[in-house]
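# Analysis of the macromolecular model
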Amino acid sequence: MVALLYPAMYYHEDIEIEGNVSKRLWHNITSYVESCVLDFEPKCKKISIKPRCFSDAEKSKYLHVGTGFSGGVDSFSTVTDNFFNNEDNDYKIDILFFFHVGQYGNVNKKETWERAENRFSITKKFANEAKIPWSILMSSNLFDFYLPRWEYDVGLFCRVASILVFQKVLKRYYVSNDYSYGELRRMNFALGGECIAEYAEAWLLSLFSTSTLDILSDGIQFKRSDKIQRIKDNPFVQKYLNVCVDTSEEHTGATNCSCCRKCLETQFALDCAGVLSNFSNVFDVKKYKKNIFKYECHIVKHYGKNTFDTDNVNFARAKGKKLPSNLTANIACTVYRVAHIFKVALTNPKKVFHRLFSKGFGV
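Sequence order as written defines residue numbering, which begins from 1 separately in each chain. Under the rules for a predicted model, residues below a pLDDT of 70 receive no local features and side-chain atom pairs below 80 are neither given nor counted, while totals for whole chains, interfaces and linings still include all residues. Side-chain measures were taken over the full set of non-hydrogen atoms in the model, leaving aside hydrogen atoms and water.

## Here we look at the packing of aromatic side chains
Note on aromatic pairs: the rings of Phe, Tyr and Trp (six-membered ring only in Trp) are paired at centre separations within 6.5 Å, and the planes decide the class, stacked below 30 degrees, edge-to-face beyond 60, tilted for the rest. Scanning the model with the defined rule gives 19 aromatic pairs in all. Summarising the aromatic geometry, the rings of Phe-69 and Phe-76 are spaced 4.9 Å apart at their centres and angled 90° between planes, so their arrangement reads as edge-to-face. Residue exposure (1.4 Å probe, protein chains only): buried if accessible area is under 20% of the type maximum, exposed if over 50%, otherwise partly exposed. For Phe-76, a relative accessible area of 33% translates into the label partly exposed. With a centroid separation of 5.5 Å and 25° between ring planes, the pair formed by Phe-97 and Phe-99 is classed as stacked. In this structure Phe-99 comes out as buried when scored by relative accessible area, which is 8%. Counting every residue linked through ring pairs, the aromatic cluster contains Tyr-6, Tyr-10, Tyr-11, Tyr-146 and Trp-150. Only when the NZ of Lys or the CZ of Arg is both within 6 Å of the ring centre and within 35 degrees of the ring normal is a charge said to sit over the ring. Cation over ring: Arg-224 sits above Phe-308, and NZ or CZ is 4.4 Å from the ring centre.

So this is what it looks like as structure tokens:
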């Protein structure tokens, strides 16, 4: 199921499995992983996956902790933390795996085997010297069904499928990661991310799961505009939708102010979807129309820099909505910014002085 997911989605073919699969794995793939693939490769298509039955792997009496090992920096870091510096048998590595599933070339070629076996010899020698009990080479013709580029694009699927082959004897498996949390944070923040949830929620939540409770990140399979499309016709949404983030002293009720960032963002998407009038009970549409040009200039100016602004611009264009040009947006934003500075200067000159000399005004 995991191994053939990407080829099946790429060639628009459903998967039928004459065997049993984990219901949890099937649910996660059909609910979340497929959407991840669709966002990665537009040529792919969501497919149907039909197993014969659901069941979990019957675990062996003796369970092990494994990791893939190639001799690289990431591999040695994982082994250092989870073998040399760990004495807890529930978490200490006792198996090193070397998966030969396409990353070294065509598995049918002699030179590919030589390359893989030479590299596995490093794994085996290291395991013997470090007294790690097991080192295992697994080879597969799986990559015969993949296009050459796919090793770089979705080689992860091949490796995960290889891990699952051994699920009966494994209780834990460490996958060595390339990037640190800080590097992922910087990549996300470069696109306008502001809080820890915006860059780490997808994997942090799973780390808070226990052996008896799964905590899943739901909604990650949809963009905000997709979610708007999915809920816009629900009468309960039209009656109770509340997105406001206005925390000013003037706004203390549980209503939408209709002009804060979140209110404008949501109304704009509803407007593009052609259903804003259906939400007149929860939004003051007059306030929205008063601020719409300013908001449109803002999202055009920040296109490609902020996730939600970019999504709304793409959604508007897909719906045929005309937006201000880049030149108009930049000029308007500058005018609005200067006007705001003068307004604040008249009412609170100390605040302007502080911003000007300590933080800068920013955009």
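Picking up where we left off.
## Let's talk about the sheet that holds strand E5 (residues 134-139)
DSSP-based pairing: two strands are paired if at least 2 bridges between them are found. Helix and strand assignments come from DSSP, with helices taken as H or I runs of at least 4 residues and strands as E runs of at least 2, each series counted from the N terminus. One open sheet holds the 4 strands; their spatial order is E5-E4-E3-E6, and the pairing between them is parallel. Either end of the sheet is taken by a strand with one partner, and the two such strands are E5 and strand E6 (170-174). The mean angle between the axes of side-by-side strands here comes to 30°, regardless of whether they run parallel or antiparallel. Relative to the sheet, helix H3 (residues 73-84) contacts strand E3 (64-68), strand E4 (95-100) and E6, its axis offset from that of E3 by approximately 160°. Only heavy atoms enter the contact rule, under which two residues are in contact if any of them lie within 4.5 Å. Here the axes come from fitting lines to C-alpha atoms, over the contacting stretch only for helices, and the angles between their N-to-C directions go from 0 to 180 degrees. Taken strand by strand, helix H5 (residues 150-165) contacts E4, E5 and E6, and its axis lies near 130° from that of E4.

## Some remarks on the pairing of E4
Where burial is concerned, most of E4 is hidden: 6 out of the 6 residues are buried. Because side chains alternate across E4, one face comprises the buried residues Ile-95, Phe-97 and Phe-99, and the other comprises Leu-96, Phe-98 and His-100, equally buried. Note: E3 against E4, 3 bridges, orientation parallel. Looking across to E4, one finds that Gly-68 is bridged to Phe-97. Handedness of a crossover is defined as follows: orient the strands so they point away from the viewer, and if the path from the first strand over the helix to the second runs clockwise, the crossover is right-handed. Following the chain from E3 across H3 to the adjacent parallel E4, one finds a crossover that is right-handed. Relative to E5, E4 runs parallel, the two sharing 6 bridges. Residue pairing for E5: His-100 is matched across the bridge by Ser-139.

## Some details on the packing of helix H11 (residues 285-301) against helix H12 (residues 307-318)
With their axes 8 Å apart at the nearest point, H11 and H12 run at an angle of 110° to one another. By the angle between their directions, the pair H11 and H12 is classed as roughly perpendicular. Along its contact with H11, which presents Tyr-295, His-298, Ile-299 and Val-300, the element H12 presents Asp-309, Asn-312 and Val-313. Here the word oblique covers every angle except those under 35 degrees (roughly parallel), over 145 (roughly antiparallel) and from 65 to 115 (roughly perpendicular).

## Regarding the packing of helix H2 (residues 23-40) against H5
Between H2 and H5, the least distance of the axes is 12 Å, while the angle of their chain directions is 165°. Relative to H5, the element H2 lies roughly antiparallel. Handedness of the H2/H5 crossing: left-handed. Across the interface between the two elements, Leu-25, Val-33, Val-37 and Phe-40 from H2 touch Asp-153, Val-154, Phe-157 and Leu-164 from H5. Just so you know the grouping, Ala, Val, Leu, Ile, Met, Phe, Trp, Tyr, Cys and Pro go in nonpolar, Asp, Glu, Lys and Arg go in charged, and all remaining residues, Gly too, go in polar. Residues of the contact of H2 with H5, tallied by class, amount to 7 nonpolar, no polar and 1 charged. Crossing handedness follows the turn of the near helix against the far one: under a right angle anticlockwise gives a left-handed crossing, and clockwise gives a right-handed one.

## A short note on the side chain of Asp-94
Inspection of the secondary structure puts Asp-94 in the loop between H3 and E4. The positive count covers Lys and Arg only, the negative count covers Asp and Glu only, and His and the chain ends enter neither. When a carboxyl oxygen of Asp or Glu is within 4 Å of a side-chain nitrogen of Lys or Arg, the pair counts as a salt bridge. Buried and unpaired, Asp-94 has no salt bridge, with Lys-171 as the nearest side chain of opposite charge at 7.0 Å. Look past the residues within four positions of Asp-94 in its chain and what remains in contact with it is His-64, Val-65, Ile-132, Pro-133 and Trp-134.

## Description of the nonpolar core
Buried Ala, Val, Leu, Ile, Met, Phe, Trp, Tyr and Cys residues that are joined via side-chain atoms within 4.5 Å together make up what is termed a nonpolar core. Formed by 33 residues in total, the largest nonpolar core has its most connected members in Leu-241, Cys-263, Phe-268, Leu-270, Phe-279, Phe-283 and Tyr-288. Elements with a minimum of two residues in this core: helix H10 (261-272), H11, H12 and helix H13 (326-347). Considering each element in turn, this core owes the most residues, 7 residues, to H11. Those residues within four positions of Tyr-288 in sequence are excluded, and the remaining contacts are Ser-258, Leu-264, Gln-267, Phe-268, Asp-271 and Leu-276. Within the second largest apolar cluster, 32 residues are counted, among which are Leu-5, Ile-15, Ile-29 and Phe-166.

## Digging into a nonpolar patch on the surface
Each patch is built from residues lacking any salt bridge and having more than 30% relative accessible area; the joining distance is 9 Å for like charges and 5 Å for nonpolar side chains (Val, Leu, Ile, Met, Phe, Trp, Tyr). Calculation of accessible area relied on Shrake-Rupley with a 1.4 Å probe; when residues are assessed, cover is drawn exclusively from the protein chains displayed. A cluster of nonpolar side chains, namely Leu-327, Ile-331 and Val-335, defines an oily patch on the protein surface of about 310 Å² accessible area. When you line up the elements, Leu-327 lands in helix H13. You can call Leu-327 exposed: its relative accessible area is 61%.

## What to know about the side chain of Thr-30
Along the chain, Thr-30 turns up in helix H2. Between N or O atoms, a polar contact is any pair within 3.5 Å; within protein, one atom must be a potential hydrogen donor and the other a potential acceptor, and residues adjacent in sequence are included only when both atoms are from side chains. In this structure the side chain of Thr-30 is engaged in a polar contact, spanning 2.9 Å, whose partner is the backbone oxygen of Trp-26. Setting aside residues no more than four positions away along its own chain, Thr-30 makes contact with Lys-46 and Ile-49.

## With respect to H3
For H3, every residue scored as buried is listed here: Ser-75, Thr-78, Val-79, Asn-82 and Phe-83. For H3, the arc enclosing every buried residue in end-on projection is 100°, short of the 170-degree limit, so these residues lie on one face. In the core, the buried residues of H3 are packed alongside E3, E4, helix H4 (110-130) and E6. This arc describes the spread of directions from the helix axis toward the C-beta atoms.

As far as function goes, none of this settles anything; it's purely spatial.
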